[in-house]
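# Chain and residue survey
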Amino acid sequence: MDQPVRNVPGTAHPRLPRGVRLVHNEAQGGWVLLAPERVFKPDAIAMEILKRCTGLVNVDTIVDDLAKAFPGAPRERIHDDVVKLIGGLADKKLLEL
Amino acid sequence: MLAPVNAPNPLGLLAELTHRCPLGCPYCSNPLELDKRDGELDAANWARVFREAAALGVLQVHLSGGEPGARRDLVEITKAARDAGLYSNLITSAVGITPATLAKLSEAGLDHVQISIQDSEQESADHIAGYKGASARKRALAVEVVKLRLPLTINMVVHRANIARVSDMVDLALSLGAGRVEIAHVQYYGWALKNRAALMPTREQVETAVAEVEALRERHHGRIVIDAVVPDYYARFPKPCVGGWGRRSINVTPAGRVLPCHAAEVIPGLEFWNVREHSLQDIWQNSPAFQAFRGTDWMQEPCRACPQREKDFGGCRCQAFLITGDARAADPVCHLSPHHARIQELANVRVDEPYAYRG
């Protein structure tokens, strides 16, 4: 169940669907992802990926961008993290592809 | 007495905008004594409550009731929630919300809609709701929600009359375009407690339904999110009710009384403060009702020394009172409660009698 069922192609443009919002809240200690009757606290890696899910860039571009921002991490590893997170969030209806 | 426990930041606000509702569901979680229309908070007061809630750290507001559509100023109230920076969730029976109102709510910034369904079979659904034609209207409004691209949750309350059709009800939610479905076994408070014998499923029915939900989750993974509220009369461990008393959520009644949970008024001797007289922050931090069972200092045995005490918080205070007569007792759902056998006895009382529909 933890493995995303969705295939995440490099050409997909992930974005937050209506009803899912990423907001900063001081009282709750930082960024939170608000969804239908659910609240998630993204960790630092998830945040880096989520803030790039604007619908304007595709998955390959997000991976390239992260590889540039974090030159210490191998691109393949970044790609796997991105696909797993985006696929998992899409399964939970927290992202649209 | 021990010093009060520091209040954490609440996450959710249940705003009961009105107790008025066209439906008569026999498991309604509203109290038997309903707040009257002429005592309801006005939109300006709700707007202030939302701003105060946001300042406290609340992230989501659940616009509920009764039927929130019974409020003529629902659009204004919804806009105020959005203006306060809150994520707004409309919890509706769908009866009393027109497509035109829905479009205005969407424009006002509504984030999510939850529609209840009573059964997958329309005749049974209307019988449970005590309202002819309710089922068709719910389906019609669900279509409008999806048309507006608003996310839709279908909520189904499960009990003896519909427990055999959990799978059909999930199929119905899928066909309506819901992204999420809530399968909520009846919790026995308010009207549900009054109708307990008529609603209570058998242990075998519950076990079948729970296994079915697991299979449905697997089958529909990625297509629809399935959240389930488990039936506690057949459980061995209590639920962490409202995520712990005065820890995560705030409930404001139509008349402005602020409760740690919607059923809290059944517990005698609790002093509830009203948003007309106090700020929400003052109430959250200092009102006697919120302090009463916050933390673990109030606990008795077997909770006091229990390794689960910070996880389930002793279960539900209202249920402890309703079954044992002592709100400080362990929730009798817990197998360690000396009253656990009583819960099992009560679960065995099943009578096919007409529902006492809510007033």
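The structure this text deals with has already been given above.
Here goes a summary of the coordinates provided. (Residues numbered from 1 in each chain as written. Chains lettered and ligands numbered in written order. Predicted model: local features only at pLDDT ≥ 70, side-chain atom pairs only at ≥ 80, totals over all residues. Heavy atoms only, no water.)

## Some thoughts on helix α2 (residues 74-83) of chain B
Residues that lie three or four places apart on an α-helix share one face, since the helix turns once every 3.6 residues. Residue and element names in this part refer to chain B. Listed in full, the buried residues belonging to α2 are L74, I77, T78, A80 and A81. Down the axis of α2, the buried set is contained in an arc of 155°. They therefore lie on one face. Opposite the buried face of α2, at more than 90 degrees from it, the exposed residues are E76 and D83. Looking at the packing, one finds that the buried side of α2 touches α1 (43-56), β2 (60-64), β3 (87-92) and α3 (99-107). In the segment just after α2, G85 is the residue with positive phi, at about 90°. (Buried < 20%, exposed > 50% of the residue type's maximum accessible area, 1.4 Å probe, protein only. Helix = DSSP H or I, 4+ residues; strand = E, 2+ residues; numbered from the N terminus. Arc of directions from axis to C-beta. Contact = heavy atoms within 4.5 Å.)

## Let's talk about the sheet that holds β3 of chain B
The strands that make up a sheet pair up through hydrogen bonds in the backbone, lying either parallel or antiparallel. All names here are of chain B. Spatially, β7-β6-β5-β4-β3-β2-β1-β8-β9 is the arrangement adopted by the nine strands of the open sheet, whose pairing is mixed. For this open sheet the edge positions go to β7 (225-229) and β9 (258-259), each flanked by a neighbour on one side alone. In this fold helix α9 (residues 203-220) packs onto β6 (180-185) and β7, with an angle of close to 160° to the strand it touches most, β7. (Pairing = 2+ DSSP bridges. Axes fitted to C-alpha atoms, helices over the stretch in contact; angles between N-to-C directions.)

## Quick look at the nonpolar core
Residue and element names in this part refer to chain B. Within the largest apolar cluster, 85 residues are counted, with the highest numbers of intra-cluster contacts made by F50 and I154. No other element matches the seven residues that α1 contributes to this core. Ranked by size, the runner-up nonpolar core spans 20 residues in total, among them A292, C318, A327 and A330. (Core = buried A, V, L, I, M, F, W, Y, C linked by side-chain atoms within 4.5 Å.)

## A word on empty space enclosed by the protein
Residues and elements named next belong to chain B. Per the stated rule, a full pass over the model turns up two cavities of 30 Å³ or more. Here the largest cavity defines a volume of roughly 70 Å³. As for the largest cavity, its lining consists of C241, V242, G244, W245, C261, F293, W298, F313, G315, C316, R317 and C318. Class assignment for the residues of the lining of the largest cavity results in nine nonpolar, two polar and one charged. If you go around the second largest cavity, the residues you meet are V158, H185, V186, Y188, M200, P201, V206, P231, D232, Y233 and Y234. (1 Å grid on protein atoms, 1.4 Å probe; cavity = no way out; pocket = protein on both sides within 12 Å on 5 of 7 lines; lining within 4 Å. Points joined across faces, edges and corners; volume = space filled by probe spheres on them. Nonpolar A, V, L, I, M, F, W, Y, C, P; charged D, E, K, R; others polar.)

## Observations regarding the interface of chain A and chain B
Where interface size is given, it is often the accessible area lost as the parts come together that is meant. Facing 21 residues of chain A, the contacting portion of chain B comprises 34 residues. Across the interface of chain A and chain B, roughly 2200 Å² is buried in total on both sides, 52% from carbon and sulfur atoms. In this structure, E96 of chain A engages R149 of chain B in a salt bridge whose closest nitrogen and oxygen atoms are separated by 3.5 Å. The tally of links from chain A across to chain B stands at 15 residue pairs in polar contact (both at pLDDT 80 or more). When contributions to the side of chain A that touches chain B are tallied by element, the ones reaching two or more residues are β1 (21-25), β2 (30-35) and β3 (38-40) of chain A. A per-element tally of the side of chain A that touches chain B places β2 of chain A first, with three residues. Considering only residue class, the side of chain A that touches chain B consists of eight nonpolar, four polar and nine charged. (Buried area = accessible area lost by both parts, 1.4 Å probe. Salt bridge = Lys/Arg side-chain N within 4 Å of Asp/Glu carboxyl O. Polar contact = N/O pair within 3.5 Å; in protein donor to acceptor, adjacent residues only side chain to side chain.)

## Remarks on the sheet that holds β1 of chain A
All names here are of chain A. Spatial ordering of the open sheet is given by β1-β2-β3, a layout of three strands whose pairing is antiparallel. The sheet is open, and its two borders are formed by β1 and β3, each paired with just one other strand. Strand after strand, the sheet turns through a mean of 30° between neighbouring axes, direction not considered. Across five bridges, the pairing between β1 and β2 is antiparallel. Looking at β2, one finds that H24 is bridged to W31.

## Concerning the packing of α1 of chain B against α2 of chain B
Residue and element names in this part refer to chain B. At a closest axis distance of 9 Å, the pairing of α1 and α2 adopts a crossing angle of 20°. As the angle between them shows, α1 and α2 are arranged roughly parallel. Once α1 is placed against α2, the crossing between them reads as right-handed. For the pair α1 and α2, contact is made by A43, W46, A47 and F50 and by E76, I77, A80 and A81, respectively. Of the residues that constitute the contact of α1 with α2, the class distribution is seven nonpolar, no polar and one charged. (Parallel < 35°, antiparallel > 145°, perpendicular 65-115°, else oblique. Left-handed = near helix turned anticlockwise from the far one by under 90°.)

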